[in-house]
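# Descriptive structure summary
Next come the chains, spelled out residue by residue.
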Amino acid sequence: MDLEPWAAYGLELQDLGPKGRGLVAGKDFRCGEVLFREKGFRAKSPEHLALEVLASAEARAQVSHLHTGPLCHLEGHAGTLPHGVSEEEWFDAYSKVRFNSFELNGCCFLPIMALFNHSCAPNAAITQLPPHEECHTAMVVVAEQGIARGTEIVYSYNSDCLFVPLRERRKRLLSNWGFLCKCSRCQVEEEAGLEDDEEEPPEMPQLLSWEEVDLKNVNLFQARHEDPVSSPLTPPQRTFDAMKGSPIFMFEMIALTEMRNHMSKSIKERKLVA
Ligand SMILES: C[S@@+](CC[C@H](N)C(=O)[O-])C[C@H]1O[C@@H](n2cnc3c(N)ncnc32)[C@H](O)[C@@H]1O
């Protein structure tokens, strides 16, 4: 795999302080330009994808750079560890998948696209492209406005939260993604005291160290999902094996058309709301 696939798109990976790493425009982009595209993995749940990661050394290498979320979010999972997998290995793989994937017709996991940070005032949008294969997904990131060189490229992890007040946005992002949003919009609204007008401050998830996790009470697979150990993925869903050598998906004209339709719809909706 290309070590820096974002560089071919004119993007730079930078350390952005409290948000961790993020992708920044290495040149000016026009509104509507495709900023990045990737073919990734899709499965029923993060648990299924974590098992795929654990099953292949190559897959582990592909996700080794990813951020892991707060461990407390992993509590409540029931089940047995897959044979030969240590608790630490399980939590690492599960956390990487859980905090870097999207719920879009299943659990979609794109290891490079996961390097973009979230914003409640995004300058880019993501779109899932056809064909929706059983175990793959293809997505593009598109500029929703002109983006000047040096600007961080951000999309919204949860578009439902864009049109609600600061506290509610932060609450939703905390519960789904495990972080307190520090995007430019949230920071401006926080400084303007908008959060003080609302009820109940959001609580940061408690970060646990390995020693603090009581593994007896940690259930690996939540009841909401079928247990992937007793119901393994059926062929040809060895997703990571199938992905060998082709992380970037060259999509077709039909996909571009769908993306443009989505873009103009989403821009129109924003204008209506504004
Ligand atoms: C999908 S990763 C994005 C890449 C990540 N920054 C990294 O260094 O790998 C999501 C994580 O990035 C951080 N993050 C993304 N957007 C953020 C935001 N608006 N405010 C604060 N942290 C953010 C959070 O730690 C979140 O769990």
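Summarised in this report is the structure supplied together with it. Sequence order as written defines the numbering, with residues in each chain counted from 1. Under the rules for a predicted model, residues below a pLDDT of 70 receive no local features and side-chain atom pairs below 80 are neither given nor counted, while totals for whole chains, interfaces and linings still include all residues. Only hydrogens and water are removed before side-chain values are computed, so all heavy atoms of the structure are retained for them.

## Describing the overall build of the protein
Here is the rule we go by: Secondary structure is summarised from DSSP: a helix means a run of H or I of at least four residues, a strand means a run of E of at least two, and numbering begins at the N terminus for each. Accessibility here uses a 1.4 Å probe with only protein chains present; expressed as a share of the type maximum, an area under 20% marks a residue as buried, one over 50% as exposed, and anything in between as partly exposed. In what follows, residue pairs with any heavy atoms lying within 4.5 Å of each other are defined as contacts. Accessible surface is estimated by sampling points in the Shrake-Rupley manner with a 1.4 Å probe; for residues, cover comes only from the protein chains shown.
Counting its regular elements, the protein contains seven helices and nine strands. Across the 274 residues in the protein, those meeting the buried criterion constitute 50%. Long-range pairs, those at least 24 residues apart, make up 76% of the contacts in the protein with a sequence separation of at least 6. For the protein, the computed accessible surface area is about 13,900 Å², with 52% contributed by carbon and sulfur atoms.

## Some points on the pairing of strand β3 (residues 34-43)
As a reminder of what qualifies: Pairing between strands is defined by DSSP: at least two bridges between the two strands are required.
Counting buried positions along β3 yields nine of ten residues, so the element is predominantly enclosed. Bridging between β3 and strand β8 (residues 136-143) involves seven bridges; their strand directions are antiparallel. Bridge pairing in β8 links Gly 40 to Thr 137. In terms of strand pairing, β3 meets strand β5 (residues 107-109) through three bridges, oriented antiparallel. In the sheet register, Ala 43 faces β5, and the bridge partner there is Cys 107.

## As for the packing of helix α4 (residues 166-177) against helix α5 (residues 184-191)
To be explicit about the condition: The convention used is that axes are lines fitted to C-alpha atoms, helices contributing only their stretch in contact, and that angles between N-to-C directions extend from 0 to 180 degrees. Orientation categories follow fixed angle ranges, with anything under 35 degrees roughly parallel, anything over 145 roughly antiparallel, 65 to 115 roughly perpendicular, and all other angles oblique. Crossing handedness is defined as follows: a turn of the near helix away from the far one that is anticlockwise and smaller than a right angle gives a left-handed crossing, while the clockwise case is right-handed. For this scheme, ten residues count as nonpolar: Ala, Val, Leu, Ile, Met, Phe, Trp, Tyr, Cys and Pro. Four count as charged, namely Asp, Glu, Lys and Arg, and the remainder, Gly too, count as polar.
Running from amino to carboxyl end, α4 crosses α5 at an angle of 135°, the nearest separation of the two axes being 10 Å. Classified by the angle between their axes, α4 and α5 sit oblique to one another. Crossing handedness for the pair α4 and α5: left-handed. Counting all contacts with α4, which are made through Leu 166, Arg 169 and Arg 170, the residues of α5 involved are Arg 185, Cys 186, Glu 189 and Glu 190. Among the residues forming the contact of α4 with α5, the class breakdown is two nonpolar, no polar and five charged.

## Regarding the layout of surface pockets
Here is the rule we go by: Residues are said to line a cavity or pocket when one of their atoms sits within 4 Å of a point; the points come from a 1 Å grid over protein atoms alone, cavities being sets where a 1.4 Å probe fits but cannot get out and pockets being open sets with protein on both sides within 12 Å along at least five of seven lines. Grid points are joined across faces, edges and corners, and a volume is the space filled by probe spheres set on the points.
Of the pockets and cavities examined, the second largest pocket occupies roughly 600 Å³. Taken together, 29 residues form the lining of the second largest pocket, with Lys 19, His 67, Asn 117, Tyr 157 and Phe 179 sitting closest to its centre. Of the residues assigned to the lining of the second largest pocket, the class counts are 18 nonpolar, eight polar and three charged.

## Brief notes about the packing of aromatic side chains
Test applied: Pairing of aromatic side chains here covers Phe, Tyr and the six-membered ring of Trp, requires ring centres within 6.5 Å, and sorts the geometry by plane angle: under 30 degrees stacked, over 60 edge-to-face, intermediate tilted. Definition used: whenever NZ (Lys) or CZ (Arg) falls within 6 Å of the ring centre and also within 35 degrees of the ring normal, the charge is taken to sit over that ring.
Scanning all chains against the criterion turns up eleven aromatic pairs. Taking 5.7 Å as the distance between ring centres and 20° as the angle between the ring planes, the aromatic pair formed by Trp 90 and Tyr 94 counts as stacked. Of the two residues, Trp 90 and Tyr 94 both sit in helix α3 (residues 87-98), four residues apart, roughly one turn of that helix. Trp 90 gets classed as buried once you look at its relative accessible area, which sits at 1%. Taken together, the aromatic side chains of Tyr 9, Phe 36, Phe 102, Phe 116, Tyr 155, Tyr 157, Trp 177 and Phe 179 make up a single cluster linked through ring pairs. Here the guanidinium or amino end of Arg 98 rests over the ring plane of Phe 99, the centre of that ring lying 4.8 Å away.

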